Amino acid sequence: MSSAETKANRPVSPHIQIYHWHLTMVMSIFHRATGIALYVGMALLAWWLLAAATGRGAFVFINGLLGSWVGLVVLFGLTWSLLHHMLGGLRHFIWDTGRGLGKPARDQLALATIVGSGVLTVIVWIIGVAVA
């Protein structure tokens with residue numbers, strides 16, 4: 001058997017172009033992406049705390065940076081990332097109990113994660129602005 005025949009008889013390995021995009025597939029990608037974004041958030045938090053411990057000049061700089069409209073957008077995104085990742089973890093915890101594994105339940109949990117993270121982010125920011 002030639003190598004060309006061997007390659008032709010092999011099954012096609014599943015990849016992104018073969019699969020149809022499903023909500024749970026997108027949620028898996030978002031869960032990983034939000035986990036990565038949380039590393040950036042922790043670095044910003046460490047920078048902010050280090051600046052607070054260092055002195056007034058460094059603290060004023062980082063507060064000005066995070067208080068700008070770009071900084072606020074980044075902080076809003078990090079808030080969403082944190083809440084989305086948390087709700088995704090709860091979704092996985094529900095699956096670990098053996099519940100919600102059917103297709104309708106999986107899609108409902110995924111949709112609840114999307115809607116819940118958006119709503120909770122807005123609520124957190126409304127409370128944060130009202131307190132500040």
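Residues numbered from 1 in each chain as written. Predicted model: local features only at pLDDT ≥ 70, side-chain atom pairs only at ≥ 80, totals over all residues. Heavy atoms only, no water.

A. View of the packing of aromatic side chains. A full pass over the atoms with the stated rule returns 4 aromatic pairs. Between Trp 48 and Phe 59, the aromatic rings sit 5.6 Å apart at their centres with planes inclined by 50 degrees, giving tilted as the arrangement. Separated by 11 residues along the polypeptide, Trp 48 in helix H2 (residues 23-54) and Phe 59 in helix H3 (residues 56-67) bring together distant segments of the chain. (Phe/Tyr/Trp six-rings, centres within 6.5 Å; stacked < 30°, edge-to-face > 60°. Helix = DSSP H or I, 4+ residues; strand = E, 2+ residues; numbered from the N terminus.)

B. View of the pattern of salt bridges. In total, this model carries 1 salt bridge according to the counting rule given. Lys 103 is the partner of Asp 107 in a salt bridge, and the nearest nitrogen-oxygen pair spans 3.0 Å. Remark: Lys 103 and Asp 107 occur in helix H5 (residues 103-131); sequence separation between them is 4 residues, near one turn of the helix. (Salt bridge = Lys/Arg side-chain N within 4 Å of Asp/Glu carboxyl O.)

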